[in-house]
Amino acid sequence: MITLFHAPQSRSSRIVWLLEELSVPYEIQPVSIFRPMTGEGLPDPANPHPDKRVPAILHDGALITESVAIVLYLADAIPAAGLAPAPGDPRRGEYLTWIAWYATELEQALFAGLSGALAESPQKQRDHGAVVERLRSALARGHYVMGDAFTSADVLIGSALEFGRHAFPADELLDAYVERCRSRPAAIRGVVLDDKSGLQAAA
Ligand SMILES: N[C@@H](CCC(=O)N[C@@H](CS)C(=O)NCC(=O)O)C(=O)O
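Model, not experiment: these values are computed from the prediction.

(A) Inspection of the overall build of the protein at higher detail. When helices and strands are counted, the protein shows seven helices and four strands. Listed N to C, the secondary structure of the protein is β-α-β-β-β-α-α-α-α-α-α in terms of helices and strands. Computed over the C-alpha atoms, the radius of gyration of the protein is 17 Å, within 12% of the 17 Å expected from 2.2 N^0.38 for a compact globule of 203 residues. When its C-alpha atoms are laid out on the principal axes, the protein stretches across 45 × 40 × 30 Å. By residue count, 33% of the 203 residues in the protein fall in the buried class. Taking the contacts inside the protein whose residues are at least 6 apart along the sequence as the reference set, 59% of them involve residues at least 24 apart.

Written as C-alpha cells, this is what we have:
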C-alpha cells in the first residue's frame, strides 16, 4: 500500500494526480503544513517528512520525500502504467532529462518570473527565455513534452506551468498544453480528491 502525506493545494496535489494516473490502490493521509504565504498552519507531528513538508510517501515501509524522487520512484514502481520509459529503453535518457530540467531550470525560471527578479538580471532573462523556447519546441512536435506519449515528466511540468502560468508569456502552445494536462480524467479526479482532503483537514 502506498500512503501519501498530503496537504491540499500544495506540491503534494500533483502526486494525487500521479497516483490517479497510475491507477493503483493508495491512501491519502492529510497533514497540516506551515503556509508561509498566509502565515497559517503548523507542522504536523504525524508527518514523517524530516522537514515536515509535503509531499512524502510511505511504500512498503520506505519513506520517500522530494517531488522529483517520488515521481521517479512511483512511475518506475508501476511500469504497467507506462508513465516512464524503463532503464534500457532508448527514451530513458530524454525522460530523465525532462525531469531534471523541471527541477533545475523550469522551477527557477517560474519563480524568477513570479517574483519580478527577471527585471534585475540579464542572466535570469536568458534562462527564462531558454525555458520557454525548450517547451515551445517540444510542444510543437507533440501533445506532451516527449511527443504524444504522456509521461510522469508531464505531471511535474504541467502542474508547475498551471500553478505559475502568468510567470511566462502568453502562448497558444503553452496554454493548450496546460489545458490538455488539466483535462485528463486522472487530473480531474485529482482535483476532486484534493478538495475533499481539504474539507477533511478543516473538519
Ligand atoms: N523540494 C520539495 C519542496 C516541498 C515543499 O516546499 N512543500 C511545501 C508545500 S508546497 C511545504 O510542505 N511547506 C511547509 C514548510 O515549508 O514548512 C519538493 O518538491 O518536494
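(B) How the structure looks around the sheet that holds strand 1 (residues 2-6). Spatially, the four strands line up as an open sheet ordered 2-1-3-4, and their pairing is mixed. At either end of the open sheet lies a strand with only one pairing partner, and these are strand 2 (26-30) and strand 4 (62-65). In this sheet, adjacent strand axes meet at a mean angle of 20 degrees when their direction is disregarded. Pairing between strand 1 and strand 3 (residues 56-59): four bridges, direction antiparallel. The residue bridging Ile 2 from the neighbouring strand is His 59, located in strand 3. Each of strand 1 and strand 2 is contacted by helix 1 (residues 13-22), which is oriented at about 155 degrees to strand 1, the strand it contacts most.

(C) Representation of the domain arrangement of the protein in the model. By domain assignment, the protein separates into domain 1 (2-83 + 186-202) and domain 2 (92-184). The straight-line distance from the C-alpha centre of domain 1 to that of domain 2 is 22 Å. No other element matches the five residues that helix 2 (residues 67-77) contributes to the side of domain 1 that touches domain 2. Here the residues of the side of domain 1 that touches domain 2 sort into ten nonpolar, one polar and one charged.

(D) Structural view of the packing of helix 5 (residues 152-163) against helix 6 (residues 172-182). The interhelical angle for the contact between helix 5 and helix 6, taken along N-to-C directions, is 115 degrees, at an axis separation of 9 Å. For the pair helix 5 and helix 6, the sense of crossing is left-handed. From helix 5, Asp 154, Gly 158, Leu 161 and Glu 162 reach across to helix 6, where they touch Leu 174, Tyr 177, Val 178, Cys 181 and Arg 182. Residue composition of the contact of helix 5 with helix 6, grouped by class: five nonpolar, one polar and three charged.

(E) Local environment of the pairing of strand 1. The buried fraction of strand 1 is high, at four of five residues. Summarising the sheet, strand 1 and strand 2 pair through five bridges and their orientation is parallel. Within strand 2, the residue paired with Ile 2 across the bridge is Tyr 26. For the segment spanning strand 1, helix 1 and strand 2, crossover handedness is right-handed.

(F) Inspection of the packing of helix 3 (residues 92-115) against helix 5 at higher detail. Their axes nearest at 9 Å, the elements helix 3 and helix 5 cross at an angle of 15 degrees. Between helix 3 and helix 5, the angle falls in the class roughly parallel. Of the two elements, helix 3 crosses helix 5, and the hand of that crossing is left-handed. Residues Tyr 95, Trp 98, Ile 99, Tyr 102, Leu 106, Glu 107 and Leu 110 of helix 3 form the contact with helix 5, whose participating residues are Ala 153, Leu 156, Ile 157 and Ala 160. Taken together, the residues that form the contact of helix 3 with helix 5 break down as ten nonpolar, no polar and one charged.

(G) Broad picture of the pairing of strand 3. As judged from the four bridges shared by strand 3 and strand 4, these two strands associate in the antiparallel manner. When the sheet's bridge partners are listed, His 59 is paired in strand 4 with Ala 62.

Reading the values: rules and limits
All residue numbers refer to positions counted from 1 along the written sequence of the respective chain. Only residues with pLDDT of 70 or above have their local features reported here, since the model is predicted, and side-chain atom pairs are shown and tallied only from 80 upward, although totals for entire chains, interfaces and linings are computed over all residues. A run of DSSP states H or I qualifies as a helix once it reaches four residues; a run of E qualifies as a strand once it reaches two. Both are numbered from the N-terminal end. Our radius of gyration looks at C-alpha atoms and nothing else; its globule reference is 2.2 Å times the residue count to the power 0.38. The exposure label follows from counting other C-beta atoms within 10 Å of a residue's C-beta, where the C-beta atoms are placed from the backbone and the thresholds are 20 or more for buried and 12 or fewer for exposed, leaving partly exposed in between. For every residue pair, C-beta atoms are placed from the backbone, and the pair is scored as a contact if these atoms sit within 7 Å. In short, DSSP must find at least two bridges between two strands for them to pair. Every axis in this analysis is a line fitted to C-alpha atoms, fitted for helices over the stretch in contact. Angles between the N-to-C directions lie between 0 and 180 degrees. Either an automatic procedure or a domain database provided the assignment from which the domain bounds are taken. In this count, Pro and Cys sit with the nonpolar residues alongside Ala, Val, Leu, Ile, Met, Phe, Trp and Tyr, while Asp, Glu, Lys and Arg are called charged and the others, Gly among them, polar. For any pair of crossing helices, the crossing counts as left-handed if the nearer helix is rotated counterclockwise from the farther one by less than a right angle, and right-handed if it is rotated clockwise. With its strands directed away from the observer, a crossover is right-handed exactly when the path from the first strand over the helix to the second travels clockwise. Any angle that falls under 35 degrees is termed roughly parallel, while one over 145 is termed roughly antiparallel, one within 65 to 115 roughly perpendicular, and all others oblique.

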